[in-house]
Amino acid sequence: MSLLLKNVSLPLAHFTLKVDFEVRSRVTAVFGPSGAGKTSLLDLVAGLRAARSAFIQLDDCVLTDTAKSISVPVHQRGIGYVPQDLALFPHLSVRRNLLYGRKSGGAGDPLFSFEHVTDVLEIQPLVSRGVTELSGGEKQRVALARALLASPRLLLLDEPLASLDSPLKEKIIPYLSRIRDEFRIPTLCVTHDRFEALALADEIVVLVDGRVVQTGPVPEVFTRPANAEVARLVAIETLQPGSVIRMSEGLATVSVNRVTLTALAPAATSHEVLVCIRGEDVILQRDAASASSVRNRLSARVLSLRPQGALVRVELDAGFPLFALVTRSACAELNLREGEPITALIKAPAIHLVPR
Amino acid sequence: MTGEDWHVVWFTAWVSASSTLAILPFGLALAWVLARRNWPGKSLLETFVSLPLVMPPVATGLILLKILGRRGAIGGWFHDQFNLDIIFTWRAVLIALGVMSFPLLVHFARVAFEEVNPRLEQIARTLGAGGWRVFFTITLPLAARGITAGLILAFARALGEFGATIMVAGNIPGKTSTLSLSIFQNVQLGEDSHAFRLLGVSVVLAFAAVWSSQFLMHRKCKTK
Amino acid sequence: MNRRTLFFCLCCGVSAIALPLRAAEVMVFAAASLTDSLTGIAAAYEKQSGDKILFNFGASSTLARQIEEGAPADIFFSADEAQMDGLAKKNLIDPATRKSRLGNSLVVVTPADSALQIRSASDLTNAGVKQIALADPKAVPAGVYAKAWLTRQQLWPDIEPKVVPTENVRATLAAVEAGNVELGVVYKTDAGISQKVKIAYEVPLADGPAISYPMALVRESKQPEAAKKFLAYLSSKEAGQVFKRYGFILLE
């Protein structure tokens, strides 16, 4: 699928939203700090807002073209929208909510059948209840199911995990992954949480103050931010796939390229994970001798040194590519040189595991 | 209470209910537009709609007399085209009641519409519902309590209407005599006890109307 | 008491007595049909006497009710004996001052531009006449008279469904002027006032009821002397001429 946004200009309260980008992947995260214009962008794509100028095309269908005064009405766009406050209809039962977008007449695609969708999202027992009787997580799933049952060709999710607490977040992520894998609907997902983006998206669009500052595949943007602004928002220098070997006492043992790391156990159990380590969380030490509280001590070799402002970005081989950010003075003090061995210390809480 | 009195009560109730139903679609439409749309000069329309509520009713009645009379803009047209009289018939009463209670209905309906979360309407549209479907399946059901309270109050206002009605109705016994006009006439004629009996009926009607409207509004608050 | 205080008291005393004597206000409750004639007469009287005459014009039945409820009237000038009798029965008027000097006659009026022809009372029952304005025939004298006339002609049951009752005879006139009714029954004196109506039929005095306008002093009057003076003036030749000019019939 392809979603093209060109010449978009929408004046907002403090700035003007001006974007130009195209996304082709299954799940795209629109990432940025609060107030960056992300929700307004979703509203534009859904047709709920009119821009001063915009050209929006989904696959081969032009949704909006202000130059030619074309604007497909909202109810004809076939775009599913799950807003941040979910907007479940309080006066209808869960069943009536779910079936609201159902086109009358006929079986349609069994993929989007009532049974299948409610099965995937595990909401069958809730169907006869009233909307106000549901818990936060249940409401989220119902809202997602409702959007899916309308057989959308694009799904817009506005901060799907923002209003949930951590354990609940980790519970919902698998459902979102299921949606991505089972229903294969292109999805535009707004988030301000980089781990959410990592967990859900293939591609990411970074939006700051109404402007796109970087787009690209998630790992690339996160490890190679285009400028300091993006770096501040997303930068995670080390991103490596790993497997959870063991979980006990609240800790997880992860294997990355046959190197074992100890991290805090994530709430959701998932075998395959993405191991995320920020550069500033990696401590370099000359000798590994004395005992310390750090659980992860890796013998590594310095591969390269690259100055980054007041810091130096040190690329290491610790059995897997590991990046550290240290001050220049520290670099000089430790006499870091390419090819030399060094010990890398990483505290367990500094290793983030994102289920994949 | 004589048979004639009950006829007056029945006529008052019937014409009040009819006028309330007659203004319902227009009142809802206007209330929706005022709740959901903005345009330059909107406050002018709002003020205009509220006028019958704040002007002396007889002043509104006078305007209606001029318009609905046989030589008036509307009354004249009906008289010439269809040989139909409006002034001094039940039609004039219905119109007077409708005009006087219209601002009440619009006010309450508007508040009710404004309290419907616009996000719900937007999401309904993304689910494929066109404008009318959204209105009837989402907006109206969610605004129903407030609208009903407004309807009841409009009905109560119509029941008690006097100033405008006396200008255009003619108080024709058996034809255009309403409860309030009848009370007035009985006082004029010195028939106080008769007037008090009619007064009792009108108090009961007004009480029932306002009480049920309060009841609805309270229930609405409780479920929130 | 010293001289200055005494002088002050004297002045207050004198003014307390003198002021009411200077400019009395007499409140006259009078039938609506007397509006124009009485206003003219009062203007002349005020110049002569220095008293002020205030008016409350309306349907005699309404005015009688107001007097019953204690309204501050000094003189009641009714359009029929019945209303005056009602007050007399309740001892609200001074019967010694009661006098019936004026009469009137009834006419049928139509809007000035109407083509309707009324040649007799029975023409009122024609299909072309849809609505007839009358002062409320239940109590207002003009309506009571009209009903009496039509009852005598044995036409009232046919005409009653067409009647639009109005609050007083001037309201009847207004309804006909506005063209909202085909015709109305008013006093001849009212028809004379308005340019916008024309007399379609004059009710012969023999067909109609006897119309007389009694006037009397209201017992509770706060200005009995001044009121009696004005009542006397109303019976004078000068006043009589004004009434005649407006079309009233003098009954003496």
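Just above, that's the structure.
Residues numbered from 1 in each chain as written. Chains lettered and ligands numbered in written order. Predicted model: local features only at pLDDT ≥ 70, side-chain atom pairs only at ≥ 80, totals over all residues. Heavy atoms only, no water.

(A) Main features of the overall build of chain B. A tally of helices and strands in chain B yields 10 helices and 0 strands. Listing each helix as α and each strand as β along chain B from the N terminus yields α-α-α-α-α-α-α-α-α-α. The principal-axis extent of the C-alpha atoms belonging to chain B is close to 65 × 45 × 30 Å. Restricting to contacts in chain B with at least 6 residues of sequence separation, those with at least 24 account for 70%. For chain B, the accessible surface area stands at approximately 10,800 Å², while carbon and sulfur atoms represent 70% of it. (Helix = DSSP H or I, 4+ residues; strand = E, 2+ residues; numbered from the N terminus. Contact = heavy atoms within 4.5 Å. Areas by Shrake-Rupley, 256 points an atom, 1.4 Å probe, with all protein chains shown as cover.)

(B) Spatial organisation of the nonpolar core. L34, F77, W149, Y213 and F243 of chain C are the most contacted members of the largest nonpolar core, which has 79 residues in total. Element by element, the count of residues in this core is highest for helix α9 (residues 224-234) of chain C, at 6 residues. Each of two domains, domain 1 (3-103 + 211-250) and domain 2 (106-202) of chain C, supplies a minimum of three residues to this core. Core analysis: the second largest hydrophobic core is formed by 56 residues, A147, L148, C189 and A197 of chain A among them. (Core = buried A, V, L, I, M, F, W, Y, C linked by side-chain atoms within 4.5 Å. Buried < 20%, exposed > 50% of the residue type's maximum accessible area, 1.4 Å probe, protein only. Domains from an automatic or database assignment.)

(C) Spotlight on the sheet that holds strand β8 (residues 183-187) of chain C. Residue and element names in this part refer to chain C. Read across the open sheet, the 5 strands follow the order β7-β6-β8-β5-β9; overall the sheet is mixed. Because the sheet does not close on itself, it has two edges, and the strands there are β7 (163-166) and β9 (197-202). Averaged over neighbouring strand pairs, the angle between their axes works out to 35° when direction is ignored. Note: strand β5 (residues 106-111) against β8, 4 bridges, orientation antiparallel. (Pairing = 2+ DSSP bridges. Axes fitted to C-alpha atoms, helices over the stretch in contact; angles between N-to-C directions.)

(D) Spatial organisation of the interface of chain B and chain A. Opposite the 18 residues of chain B that make contact, chain A presents 19 residues. Considering only the surface of chain B that becomes buried against chain A, R119, T126 and L127 of chain B emerge as the three largest contributors, covering 39% of it. For the pair chain B and chain A, the interface holds 1 salt bridge. Notably, a salt bridge pairs D43 of chain A with R119 of chain B, separated by 3.4 Å at the nearest N-O pair. Summed over the shared surface of chain B and chain A, the number is 5 residue pairs in polar contact (both at pLDDT 80 or more). Residue assignment for the side of chain B that touches chain A shows that the elements contributing at least two residues are α6 (118-126) and α7 (131-160) of chain B. At 7 residues, α6 of chain B tops the list of elements feeding residues into the side of chain B that touches chain A. Considered class by class, the residues forming the side of chain B that touches chain A number 9 nonpolar, 6 polar and 3 charged. (Buried area = accessible area lost by both parts, 1.4 Å probe. Salt bridge = Lys/Arg side-chain N within 4 Å of Asp/Glu carboxyl O. Polar contact = N/O pair within 3.5 Å; in protein donor to acceptor, adjacent residues only side chain to side chain. Nonpolar A, V, L, I, M, F, W, Y, C, P; charged D, E, K, R; others polar.)

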